[in-house]
Amino acid sequence: MTSVCTTCPYCGVGCGIKAEITGDREVQIAGDTRHPANRGRLCSKGTHLGETVSLEGRLLHPEIGGERASWDEALDLVASRFSQTIRDHGPDSVAFYVSGQLLTEDYYVANKLMKGFIGSANIDTNSRLCMASAVAAHHRAFGEDIVPCSYDDLDAADLILLVGSNTAWCHPVVWQRIEKARTERGTKLVVIDPRRTETAECADLHLPIRPDGDVALFNAILREMAIRGRLDDSFLRDHVRAPDQFWTNLAGDADMAGIDPQLLDQLADLVASHPNMVTLFSQGANQSVGGTDKGNAIINLHLATGRIGRPGTGPFSITGQPNAMGGREVGGLSSMLAAHMGFSEAECDAAQTYWNSPTIARKPGRKAVDMFRDVHEGRIRAIWIMATNPAVSMPDAQYVRTALERCDFVVVSDVMSETDTTALARVKLPALAWGEKDGTVTNSERVVSRQRRLFAAPGEARADWWMVQQVARRMGHEAAFSFESAAAIFREYAAQTGFRNHGRRKLDMSQWAATSDAEYDAWVPKAWGGASPFADRMFTTPDGKARLVAVAPPAVRTHHPGFPLTLNTGRYRDQWHSMTRTGLSPRLSQHRREPLVEIHPDDALAYGLAEGRLARIVTAQGESIFRVRISDAQRPGEILAPMHWSDQMSNGGRANRLGDQTVDPLSGQPAFKNTPCNIAAVEPEWRAFLVCSRRPAPSPILYWTSTKIAGGWLVEMAGDCAVDLDHLLPPGERMEAVDIQQGMRRIAVRGPEGRLAAALYLTRQGDLPSRDWIAGQLAGDGQADAASLLAARPKVTGPDKGATVCICFNVGVKEITSAIVRQSLVSLDDVGAALNAGTNCGSCRPEIQKLLAKIRAPKLEAAE
């Protein structure tokens, strides 16, 4: 077997992977014990990458207007249409919308073409949706977009604050590191989040602030540190500059933050007594109309207490994508030029000189929301979308779809043939996927790692940088776009970071500009900037001092009477973005099979909602149907919905159709976390589910959602009209049971070899059977008798495992609870020893801990 060290393609932790290639499109995945980001650990998504490398659904050839085309035909058309649009309407009439899934080399070539040779800054990235507010906060405080921490700081911290981060689900390997620090050094953990998330369940202190209460909270803590004499006066004097009246205008208290004053006091006590403090913040803080201010409120606390630039301290923005940092570095955001340069005359001149380009972008381009608004209104007439799915992921997603439908010329380069965005493309270009790409990525702690090729390029798929280069050459820029390899691009980019730098910017990778092809191939992970770029206490401002930024709590958002609730959106533990990759994994699809709306019991009662039934969320932008989950982890008046589902997987669960286009005025990042909404019960005439060896295409019905399972698909359905069974079911031998009085119908279909091909269960009243046994028949021998198939259970039943908690070892909730009770298990280690649950990726450990706490909680005896 061939072993290759590469990097995970999911979140910004940037875990190293050791991949053992075992066959054609087959690979065994393990964590790379030598990689500094994870030291051999992996989460559930990384662990099961091997389930996502098939060619199912892949785009393997260029297409024009839905018809297969040659590369020359497609590239010639893209180049000619972009060139003609620029001639007719100017350089700002075209745009690139790119992605944190791109490698740094892809980003670099795209940015160079748009800003240096087209002459527009209209290149923005889906990273705008997850960490642009942190970038803006860094610029205001430090003078440059610098993350001042490393993961090692988590190991040395005595206090960790998690702000707007369900770390146990969204960054599980970081969570494992936090758990280890708590065990080995007694590190205290505080979670600041409106929801009582799986992460918050495990915290020493949880502060359930109101949405957008962060600034008030951190201002209040900073003022309290000043009162208690816990500021670092010498650091403030020598390394920080504050605006006039900063301290007298510091507004914020417990009421403004939406919490009990006692919780604020407890947090202040922890902050005052633990100088080694890391504050890790993520999308929950960033995705807000005040996301930049939140970032600066966090940074203010660290600067004023001198908790930055030394081990175990710092404000740590953790990114959501594998190469969001690499994109920020090369200039993939429209608000920066290249290599951490802005748009000053000197910086523009430096970039143009380095590239020897005929022009240069001299002002920021359009940020993501504004970019698609310009597309909608006809100011941008040609757009190339790379490695992302904005028809699903953008706020007010239906508006984005309409914009792309109106656009004169849409190009999409992607690995998947059918996505909500490729459906709107004139030209589709087949890109390389993970396991085929070759290049570098930068993770949240500034470590540059390699993604390496495991498999040969399938069909006619090509690297994104190659496509952009070919278009650039056809637009007349052959000399500047003559790269022969990813290594050559890396050398040019690394050299640019040092060009006319002279210490003005912390980002300087010019020491790697002479990297040979052999050295690039053998690259081991390296961090630019060391453990902290601010270890020298010098910041990237004219006077070398950081800035305290005055920030004020926002006014509480008032809701329209028709929308009395607040919609928050989030991620699921085992899914990723719009599920084009993770949705192909049977294991990753088991933890949450459907999009759920989570709602507090009091609200569920008030709105007539029942557990497991359907509900429709309505906002000013649109509506969508979700399955109801009642949970006291939600604050009353607030509901949560996941962001992942698309037209390919469901006609419901479309959370990003519901949000509006409100953005942070500085960063342009959308406010996904605070949308006024309403909710109502949905009562269909019938409910059903289908297991099928092939993926069905349900006719238009009220609700359907599909889940990948071993051997096929599970489809949940509900409707008000007649269902076309012939359309849903494959041909074969049919077995059927009908109960007209109960409105029940069950059909099982055997294929030519007698194996189960499909089974449908429909009811107009009453309950549907469990899905688990019948779904397992698709992957098994499928030879069960007709009575068992129609009952969806065997004649002799085994133990019911319950909903899957640990996907690595397929352990259910009922198995865990039974073992805790029967074997008197008291700890996570006990459960791991008994069932293996929680011993691999660790993503399920908070859920297991919650079960332990619930079962082992002391029971109160009734008074006599």
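The notes below deal with the structure included here. (Residues numbered from 1 in each chain as written. Predicted model: local features only at pLDDT ≥ 70, side-chain atom pairs only at ≥ 80, totals over all residues. Heavy atoms only, no water.)

### Considerations on the overall build of the chain
Okay, step 1: Each helix and strand in the chain was counted, giving 29 helices and 34 strands.
Okay, step 2: Taking 29 Å as the expected radius of gyration for a compact globule of 864 residues, we find that the chain reaches 27 Å, a close match to that expectation.
Okay, step 3: Considering only C-alpha atoms, the chain reaches an extent of 80 × 80 × 60 Å along its principal axes.
Okay, step 4: Classification of the 864 residues of the chain by burial places 63% in the buried group.
Okay, step 5: In the chain, the proportion of contacts linking residues at least 24 apart, taken out of those at least 6 apart, comes to 71%. (Helix = DSSP H or I, 4+ residues; strand = E, 2+ residues; numbered from the N terminus. Rg over C-alpha atoms; globule rule 2.2 N^0.38 Å. Buried < 20%, exposed > 50% of the residue type's maximum accessible area, 1.4 Å probe, protein only. Contact = heavy atoms within 4.5 Å.)

### Here's the deal with the packing of aromatic side chains
Aromatic ring pairs are described here by two measures, namely the spacing of the ring centres and the angle between the planes.
Okay, step 1: Considering all chains together, one arrives at 21 aromatic pairs under this definition.
Okay, step 2: Pairing Trp169 with Tyr572 gives two aromatic rings, centres 6.3 Å apart and planes at 80°, and the pair type is edge-to-face. Of this pair, Trp169 sits in helix H6 (residues 167–170) while Tyr572 is found in the loop between strand S21 (565–570) and strand S22 (596–599), placing the two residues 403 residues apart along the sequence.
Okay, step 3: Centre to centre, the rings of Tyr354 and Phe499 are 5.3 Å apart; their planes meet at 50°, and the pair counts as tilted. Here Tyr354 is found in helix H16 (residues 345–355), whereas its partner Phe499 is found in the loop between helix H21 (486–498) and helix H22 (517–521), with 145 residues between them in sequence.
Okay, step 4: For Tyr354, a relative accessible area of 22% translates into the label partly exposed.
Okay, step 5: Overall, Phe499 belongs to the partly exposed group, its relative accessible area being 25%.
Okay, step 6: One aromatic cluster is present, built from ring pairs that chain together Phe82, Phe96, Trp384 and Phe409.
Okay, step 7: The cationic tip of Lys112 hangs over the ring face of Phe481; the distance from NZ or CZ to the ring centre is 5.0 Å. (Phe/Tyr/Trp six-rings, centres within 6.5 Å; stacked < 30°, edge-to-face > 60°. Lys NZ or Arg CZ within 6 Å of the ring centre and 35° of its normal.)

### So, unusual backbone geometry
Okay, step 1: Positive phi outside glycine occurs at Ala387, with the angle close to 60°.
Okay, step 2: With respect to the element layout, Ala387 can be found in the loop between strand S14 (382–386) and helix H18 (390–393).
Okay, step 3: Its identity is not glycine, yet Met579 carries a phi of approximately 65°, on the positive side.
Okay, step 4: Tracing the chain through its elements places Met579 in the loop between S21 and S22.

### Section: the pairing of strand S29 (residues 712–719)
Looking along a regular strand, one sees the side chains alternate between the two faces of the sheet.
Okay, step 1: Counting buried residues along S29, eight of its eight residues qualify, which places the element largely inside the surrounding structure.
Okay, step 2: Across seven bridges, strand S27 (residues 686–692) lies against S29 in antiparallel orientation. When the sheet's bridge partners are listed, Ala688 is paired in S29 with Met717.
Okay, step 3: In textbook terms, the turn of a hairpin is the stretch between consecutive antiparallel strands, and for strand S28 (residues 703–709) and S29 this stretch comprises two residues, one of which, Gly711, has a positive phi near 90°. (Pairing = 2+ DSSP bridges.)

### A short note on helix H7 (residues 172–185)
Okay, step 1: In this model H7 runs 20 Å from its N-terminal to its C-terminal C-alpha over 14 residues, within 8% of the 20 Å that 1.5 Å per residue would give.
Okay, step 2: All of the buried residues along H7 are Pro172, Val173, Val174, Trp175, Gln176, Arg177, Ile178, Glu179 and Ala181.
Okay, step 3: At the exit of H7 stands Gly186, carrying a positive phi of roughly 70°. (Expected span 1.5 Å × (residues − 1).)

### Some details on the sheet that holds S22
Okay, step 1: The mixed closed barrel is built from six strands, whose spatial order is S21-S25-S22-S24-S23-S26. Strand after strand, the sheet turns through a mean of 45° between neighbouring axes, direction not considered.
Okay, step 2: Relative to strand S26 (residues 675–682), strand S23 (residues 614–618) is paired through five bridges, and the arrangement is antiparallel. Residue pairing in the sheet places Ile617 in a bridge with Ile679 of S26. (Axes fitted to C-alpha atoms, helices over the stretch in contact; angles between N-to-C directions.)

### Thoughts on the sheet that holds strand S19 (residues 526–527)
Adjacent strands of a sheet pair through backbone hydrogen bonds, lying either parallel or antiparallel.
Okay, step 1: Read from one edge to the other, the open sheet built from three strands follows the order S17-S18-S19, with strand pairing classed as antiparallel. With one partner strand each, in any of the chains shown, strand S17 (439–442) and S19 form the two edges of the open sheet.
Okay, step 2: Bridge count between S17 and strand S18 (residues 447–451): four bridges; the pairing is antiparallel. Bridge pairing in S18 links Thr440 to Arg450.

### Concerning the pattern of salt bridges
Okay, step 1: Tallying each qualifying case throughout the model produces 58 salt bridges.
Okay, step 2: One salt bridge connects Lys428 with Glu63, and the closest N-O pair in it is separated by 3.4 Å. Remark: Glu63 occurs in strand S4 (residues 63–64) and Lys428 occurs in strand S16 (residues 427–430); sequence separation between them is 365 residues.
Okay, step 3: Accessibility expressed as a relative area gives 17% for Glu63, which makes it buried.
Okay, step 4: Ionic pairing is found between Arg237 and Asp238, a salt bridge with its closest N-O pair at 3.0 Å.
Okay, step 5: Judged by its relative accessible area of 54%, Arg237 is exposed.
Okay, step 6: Salt bridges here are not isolated pairs; linked through shared partners, they connect Arg401, Asp420, Asp647, Arg654 and Arg657. (Salt bridge = Lys/Arg side-chain N within 4 Å of Asp/Glu carboxyl O.)

### What about the state of the cysteines?
Okay, step 1: Scanning the model with the defined rule gives zero disulfides in all.
Okay, step 2: Unpaired in terms of disulfides, Cys8 finds its nearest cysteine sulfur in Cys43, a separation of 5.9 Å.
Okay, step 3: In this structure Cys721 is not part of a disulfide, and its nearest cysteine sulfur, from Cys692, lies 19 Å away. (Disulfide = S-S within 2.5 Å.)

### Notes on the environment of Pro91
Okay, step 1: Following the sequence through the fold, Pro91 ends up in the loop between helix H2 (71–89) and strand S6 (94–98).
Okay, step 2: Judged by its relative accessible area of 31%, Pro91 falls in the partly exposed class.
Okay, step 3: Sequence spacing of Pro91 and Ile747 is 656 residues, and the spatial spacing of their C-alpha atoms is 59 Å.
Okay, step 4: Excluding anything up to four places from it in sequence, Pro91 contacts Ile86, Ile118, Gly119 and Ser120.

### A look at the environment of Ala351
Okay, step 1: Looking at where Ala351 falls in the secondary structure, it is placed in helix H16.
Okay, step 2: Given the relative accessible area of 0%, Ala351 is considered buried.
Okay, step 3: In the structure, Ala351 is positioned 356 residues away from Thr707 in sequence and 48 Å away in space, judged by C-alpha atoms.
Okay, step 4: Excluding residues that lie within four positions of it along the chain, Ala351 makes contacts with Leu337, Met341, Ile360 and Gln496.

### A short note on the environment of Ile380
Okay, step 1: Relative to the helices and strands, Ile380 resides in the loop between helix H17 (368–376) and S14.
Okay, step 2: Separated by 287 residues in sequence, Ile380 and Ser93 place their C-alpha atoms 4.2 Å apart.
Okay, step 3: The residues contacting Ile380, other than those within four sequence positions of it, are Asp92, Ser93, Val94, Ala95, Asn122, Met371, Asp374, Val375 and Cys407.

### Some remarks on the nonpolar core
Okay, step 1: Counting residues in hydrophobic clusters, the biggest one holds 126 residues, and the most contacted among them are Phe82, Phe96, Leu207, Leu217, Leu267, Leu303 and Trp384.
Okay, step 2: With near-sequence residues (within four places) excluded, Phe82 lies in contact with Val94, Ala95, Phe96, Ala382, Ile383, Trp384, Phe409, Val411 and Met475.
Okay, step 3: In this structure, Cys8, Ala37, Leu49 and Phe455 belong to the second largest nonpolar core, which totals 41 residues. (Core = buried A, V, L, I, M, F, W, Y, C linked by side-chain atoms within 4.5 Å.)

Any functional reading would require information beyond the geometric quantities listed.
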